[in-house]
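Here is what each chain is made of, one letter per residue.
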Amino acid sequence: MDFNMKKLASDAGIFFTRAVQFTEEKFGQAEKTELDAQFENLLARADSTKNWTEKILRQTEVLLQPNPSARVEEFLYEKLDRKVPSRVTNGELLAQYMAEAASELGPTTPYGKTLIKVAEAEKRLGAAERDFIHTASINFLTPLRTFLEGDWKTISKERRLLHNRRLDLDACKARLKKAKAAEAKATTVPDFQETRPRNYILSASASALWNDEVDKAEQELRVAQTEFDRQAEVTRLLLEGISSTHVNHLRCLHEFVESQTTYYAQCYRHMLDLQKQLGRFPGTFVGTTEPASPPLSSTSPTTAAATMPGGPSVASLAPPGEAALCLEEVAPPASGTRKARVLYDYEAADSSELALLADELITVYSLPGMDPDWLIGERGNKKGKVPVTYLELLS
């Protein structure tokens, strides 16, 4: 019990000394040990990293989960170390409603069939969104949280300890300064004519006491300086580790961009597939068999056929749903062929189209009167129509 009381009294004394030193510094009545410029730059860099990491983390959470109530719920589950329950995405919920609507309104009607197809696409979009949220949370959000809840807390703890060591050091400097001033005053030689003999004895005793006080203050100052230097070095090493944090966050940022690119690419493919199923190819509209591009001229079909150069007629190049394209009659032009790289896999809807594999190279060209969103593609002895949106033209 005595030991605890002594420790409590010692801690209270240290706290009071630091409070006095801090207050006097605020009022400009005490000197303050300044850190070097490089150390101050490290502190500012660390504070900036922490602030921007918090902002990026919070806004990324908003991007992945716009619902604030859902974010609060997930936060509570994480703090309680419990598994976050699986949540239906907006796309999956929309798909469920569309499927139920089709079942009630009639799955065999045109509207019901379309609802079913769109529901399947929305379900795939929702699944892609779920995968994206999961991947982004693991590869991007988790490292940011780890820095804020782990490394930054360690840095903050060491900085507070350094601040206390600095207050102790400055308090020791102030105590030594006061002791030296009192010692100098006590050792002043008194006037022999105006001072009684016994005052010599008192003056000598006071001088000896202040000498001891100065020695004690110098010893405390050396100890405080050593502890301050040691703590400053520890804090400096931690602050210099912010560079490694930047490298780690850079890698995580690349992974986030990769996952986001994959997500949007999947959404694009799903919507293109849905567009193809609904007959809404680029340049065409649902419920019409007319091509979206305007006719070449207002002349009669026989006149147009007579004046058109060698090659298939416009009727043979109509969009899907019109007359079939006779591939055997299609010959590549003498000039105008180009190489193209396939961006995504494409499944041919009928025999007039050419199935594609991602990253393969094919030869493409256009023919007069052809829909501008389609080209003729050739791969070996196979040829067929290919959508322009799936290609990257090279030369």
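Residues numbered from 1 in each chain as written. Predicted model: local features only at pLDDT ≥ 70, side-chain atom pairs only at ≥ 80, totals over all residues. Heavy atoms only, no water.

Our focus in this paragraph is the nonpolar core. The biggest cluster of nonpolar side chains holds 34 residues, and the ones touching the most others in it are Phe 132, Phe 140 and Leu 239. For this core, the secondary-structure elements that each account for two or more residues are helix 2 (37-64), helix 5 (110-186), helix 6 (197-240) and helix 7 (242-277). Among all residues touching Leu 239, those that are not within four sequence positions of it are Phe 39, Leu 42, Leu 43, Ala 46 and Ile 155. (Core = buried A, V, L, I, M, F, W, Y, C linked by side-chain atoms within 4.5 Å. Buried < 20%, exposed > 50% of the residue type's maximum accessible area, 1.4 Å probe, protein only. Helix = DSSP H or I, 4+ residues; strand = E, 2+ residues; numbered from the N terminus. Contact = heavy atoms within 4.5 Å.)

This part is about the packing of aromatic side chains. The geometry of an aromatic ring pair is captured by the separation of the ring centres together with the interplanar angle, meaning the angle of the planes. One pass over the full model with this rule turns up eight aromatic pairs. Arranged with centres 6.2 Å apart and planes meeting at 35 degrees, the rings of Phe 132 and Phe 256 form a pair that is tilted. Of this pair, Phe 132 sits in helix 5 while Phe 256 is found in helix 7, placing the two residues 124 residues apart along the sequence. Take Phe 132: its relative accessible area is 7%, and that puts it in the buried class. Among the residues examined, Phe 256 registers a relative accessible area of 9% and is labelled buried. (Phe/Tyr/Trp six-rings, centres within 6.5 Å; stacked < 30°, edge-to-face > 60°.)

With 16 residues, helix 4 (residues 90-105) ought to run about 22 Å at 1.5 Å a step, and its terminal C-alpha atoms sit 22 Å apart, in line with that. The set of residues buried in helix 4 consists of Gly 91, Glu 92, Ala 95, Met 98 and Ala 102. End-on, the buried residues of helix 4 take up no more than an arc of 120 degrees, which puts them together on one face. Along helix 4, the residues that are exposed and aim more than 90 degrees away from the buried face are Asn 90 and Glu 104. In the segment just after helix 4, Gly 106 is the residue with positive phi, at about 120 degrees. (Expected span 1.5 Å × (residues − 1). Arc of directions from axis to C-beta.)

As a further point, take the confidence of the model for the chain. Averaged over all residues, the pLDDT of the chain is 78; the fraction at 70 or higher stands at 71%. Predicted confidence is poor over residues 280-325, with pLDDT under 50, and the contacts of this stretch with residues over four places away or in other chains come to 55 contacts. (pLDDT = per-residue confidence, 0-100.)

Next up on the list: the packing of helix 2 against helix 7. One can describe the packing of helix 2 onto helix 7 by two numbers: an axis separation of 12 Å at closest approach and a directional angle of 20 degrees. Relative to helix 7, the element helix 2 lies roughly parallel. Judged by the twist between their axes, the crossing of helix 2 over helix 7 is left-handed. For the pair formed by helix 2 and helix 7, the contact residues are Arg 45, Ala 46, Thr 49, Thr 53, Thr 60 and Leu 63 on the first element and Ile 242, Ser 243, His 246, His 249, Phe 256 and Gln 260 on the second. (Axes fitted to C-alpha atoms, helices over the stretch in contact; angles between N-to-C directions. Parallel < 35°, antiparallel > 145°, perpendicular 65-115°, else oblique. Left-handed = near helix turned anticlockwise from the far one by under 90°.)

It is worth spelling out the side chain of Glu 378 at this point. Here Glu 378 lies in strand 3 (residues 374-379). At 2.9 Å, the side chain of Glu 378 forms a polar contact with the side chain of Tyr 365. What Glu 378 contacts, discounting residues up to four positions off in sequence, is Pro 332, Leu 354, Ile 362, Thr 363, Tyr 365 and Lys 383. (Polar contact = N/O pair within 3.5 Å; in protein donor to acceptor, adjacent residues only side chain to side chain.)

For helix 7, spanning 36 residues, the distance from its first C-alpha to its last is 52 Å, which sits close to the expected 52 Å at 1.5 Å a residue. At the C-terminal side of helix 7, Gly 279 shows a positive phi close to 80 degrees.

A side chain with one charge may pair with a side chain of the opposite charge, provided their charged atoms come close. Under the counting rule described, the total for this entry stands at 14 salt bridges. A salt bridge links Glu 61 to Arg 145; the shortest N-O distance between them is 2.8 Å. Of the two residues, Glu 61 is situated in helix 2 and Arg 145 in helix 5; the sequence distance between them amounts to 84 residues. Assigned by exposure class, Glu 61 and Arg 145 land together as buried. Residue Arg 251 pairs with Glu 255 through a salt bridge whose shortest N-O separation is 3.1 Å. Pair noted here: Arg 251 and Glu 255 are both in helix 7, with a separation of four residues, about one helical turn. Three or more residues are tied together by salt bridges with common partners; here these are Arg 58, Glu 61 and Arg 145. (Salt bridge = Lys/Arg side-chain N within 4 Å of Asp/Glu carboxyl O.)

A separate point is the sheet that holds strand 4 (residues 382-387). Reading across from one edge, 4-3-2-1-5 is the order of the five strands in this open sheet, with antiparallel pairing throughout. In this open sheet, the two strands that pair with only one neighbour each are strand 4 and strand 5 (391-393). Averaged over all pairs of adjacent strands, the angle between their axes in this sheet comes to 40 degrees, without regard to strand direction. As paired elements, strand 1 (residues 338-342) and strand 2 (residues 361-365) share four bridges and run antiparallel to each other. Each residue of the ladder has a partner; that of Lys 339, found in strand 2, is Thr 363. (Pairing = 2+ DSSP bridges.)

For Glu 61, a relative accessible area of 17% puts it in the buried group. Here Glu 61 is in contact with Arg 71, Leu 141 and Arg 145, once residues within four sequence places are set aside.

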